[in-house]
Amino acid sequence: MNVTVLGLGSMGTALAGAFLDAGHTATVWNRSAGKDEALVARGAERAATAADAVGASPLVVVCLSDDDAVHHLLGPLTDELRGRTLVNLTSGTPEQARESAAWAASHGIGYLDGAIMSTPPGIGSSAIMLLYSGSSEAFAEHREVLACLGDPVDLGDDAGVASLYDTALLGMMWATLAGWLQGVALTGADGVDARTFTPVALRWTAAVNTFMSTYAPQIDAGVYPGDDATLAVHLGALEHLLHASAARGLDARLPQLLKAPFEAAVAAGHGADSYARLIEGVRAPHPA
Ligand SMILES: NC(=O)c1ccc[n+]([C@@H]2O[C@H](COP(=O)([O-])OP(=O)(O)OC[C@H]3O[C@@H](n4cnc5c(N)ncnc54)[C@H](OP(=O)(O)O)[C@@H]3O)[C@@H](O)[C@H]2O)c1
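Residues numbered from 1 in each chain as written. Predicted model: local features only at pLDDT ≥ 70, side-chain atom pairs only at ≥ 80, totals over all residues. Heavy atoms only, no water.

Considerations on the side chain of Ser100
Argument step 1. Here Ser100 lies in helix H6 (residues 94-106).
Argument step 2. The residues contacting Ser100, other than those within four sequence positions of it, are Asp67, His71, Asn88 and Tyr111. (Helix = DSSP H or I, 4+ residues; strand = E, 2+ residues; numbered from the N terminus. Contact = heavy atoms within 4.5 Å.)

Below is the structure:
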């Protein structure tokens, strides 16, 4: 099958390369000249214009810097896109994705919004996820082709959901990496290098995974039995992190930030509840 890829930045180049690796033909286009050379050398077809590129394939994948760039490029190409499927792998917000889906529907364009849960070197591996939401017909029709980019995860008909998950998962990534950096700095201050600390940290993240599985049903039920570790116990342990960070002259803003919701929940009388209780403060950060 021929696939069109619009945008040959780091990610678009990896996407087009994965289509070629899987035996598809690819038509590629990029705003600035020169970024397509390696792909053309591997057999990709260079399109002179974005309109030509769109016209070359039933499946058009776009991966540009942001939502404005996508609409700037594709806004004038609705006639060329009509009757084709547009897979938008450009990162954005759920609101932008829903607006794009409505725009596509109003022009007879099949639309899937996607989120790539990888950096370019991971593209082509079934170990990485690409999240999709939008037209279920388009997903069913193109699932097999899209699978050559990574495991395609269908999140349903609401086009905003892939971006919703993407933003949530990136938030988790930054929070996890920030905690890891604090740990690297803390242990590093006593002479442990990052490569020594990290394998132990990775084993710990596996345990933390099980905590999420325990707390998810508690959150869904709105009931937080503190039968594993109570908020009061967590608060005591957090004091150790604050103390150890301060004693080593480290930035203690992250431990302080983490401590605040525990303190508020304990002060409100929830010290015997589980960690999952803190969801209430996230949902309503300024209780009356
Ligand atoms: N890199 C990652 O690890 C990663 C992971 C997940 C998701 N993503 C998402 O993938 C998207 C692309 O990322 P990237 O890393 O490939 O970025 P990049 O290397 O900076 O490439 C950006 C691409 O957008 C094009 N572009 C920007 N404005 C444009 C416009 N007005 N009209 C036409 N083309 C335009 C650029 O064209 P020129 O070459 O002409 O400038 C280039 O092809 C982003 O939304 C990013 O968040 C990236």
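Points about the nonpolar core
Argument step 1. Counting residues in hydrophobic clusters, the biggest one holds 31 residues, and the most contacted among them are Leu15, Leu89, Ile123, Tyr132 and Leu149.
Argument step 2. Only strand E1 (2-6), helix H1 (10-21), strand E2 (25-29), strand E4 (59-62), strand E6 (110-117), strand E7 (125-134) and helix H7 (136-146) provide two or more residues apiece to this core.
Argument step 3. With 7 residues, H1 is the largest single contributor of residues to this core.
Argument step 4. Sequence-distant contacts of Ile123, that is, excluding residues within four places in its chain, are made with Met11, Ala14, Leu15, Ala18, Ile116, Ser118, Ile128 and Leu149. (Core = buried A, V, L, I, M, F, W, Y, C linked by side-chain atoms within 4.5 Å. Buried < 20%, exposed > 50% of the residue type's maximum accessible area, 1.4 Å probe, protein only.)

Brief notes about the sheet that holds strand E5 (residues 85-88)
Note: strands within a sheet are paired through backbone hydrogen bonds, in either parallel or antiparallel orientation.
Argument step 1. Spatially, 8 strands are ordered E3-E2-E1-E4-E5-E6-E7-E8 in an open sheet, and the strand pairing comes out mixed. One side of each edge strand has no neighbouring strand; the edge strands of this open sheet are strand E3 (45-46) and strand E8 (150-154).
Argument step 2. On top of the sheet, H1 reaches E1, E2, E4 and E6; it is set at about 170 degrees to E1, its chief contact. (Pairing = 2+ DSSP bridges. Axes fitted to C-alpha atoms, helices over the stretch in contact; angles between N-to-C directions.)

Some details on the pairing of E7
Moving residue by residue along a regular strand, the side chains alternate between the two faces of the sheet.
Argument step 1. In the sheet, E6 pairs with E7 via 6 bridges, with the strands oriented antiparallel. Across the sheet, Ile116 pairs through a bridge with Leu130, a residue of E7.
Argument step 2. The sheet contact formed by E7 and E8 spans 5 bridges and is parallel. Bridged to Ser125 within E8 is Gly150.

Observations regarding the UniProt feature "domain: 6-phosphogluconate dehydrogenase NADP-binding" (unreviewed entry) in the protein
Argument step 1. Those residues carrying the UniProt feature "domain: 6-phosphogluconate dehydrogenase NADP-binding" (unreviewed entry) are residues 3-151 in this numbering.
Argument step 2. The distance from the first to the last C-alpha atom of residues 3-151 is 18 Å, and the span holds 40% helix and 26% strand. (UniProt positions renumbered as here; feature names shortened; annotations may be inferred.)

Examining the site of the ligand
Argument step 1. Not every one of the 19 residues close to the ligand is listed here, only the nearest: Met11, Asn30, Ser32, Lys35 and Ser91.
Argument step 2. Within the side chain of Lys35, a nitrogen or oxygen atom sits 2.6 Å from an oxygen atom of the ligand.
Argument step 3. Look at the ligand: alone it shows 910 Å² of surface, and the protein chains cover 75% of it. (Near = heavy atom within 4 Å. Polar contact = N/O pair within 3.5 Å; in protein donor to acceptor, adjacent residues only side chain to side chain. Areas by Shrake-Rupley, 256 points an atom, 1.4 Å probe, with all protein chains shown as cover.)

Looking at the domain arrangement of the protein
Argument step 1. With domains assigned, the protein is organised as domain 1 (2-157) and domain 2 (193-283).
Argument step 2. On a C-alpha basis, the centroid separation for the pair domain 1 and domain 2 is 40 Å. (Domains from an automatic or database assignment.)

With respect to the packing of aromatic side chains
Argument step 1. What the rule picks out here adds up to 4 aromatic pairs.
Argument step 2. Measuring from ring centre to ring centre gives 5.8 Å for Tyr132 and Phe139, while their planes differ by 50 degrees; the resulting arrangement is tilted.
Argument step 3. Phe139 sits in the buried class, given a relative accessible area of 7%.
Argument step 4. Both rings, one in Trp204 and one in Phe211, keep their centres 5.7 Å apart while their planes meet at 75 degrees; by these two values the pair is edge-to-face.
Argument step 5. Of the aromatic side chains, those joined through ring pairs into one cluster are Tyr215, Phe262 and Tyr275. (Phe/Tyr/Trp six-rings, centres within 6.5 Å; stacked < 30°, edge-to-face > 60°.)

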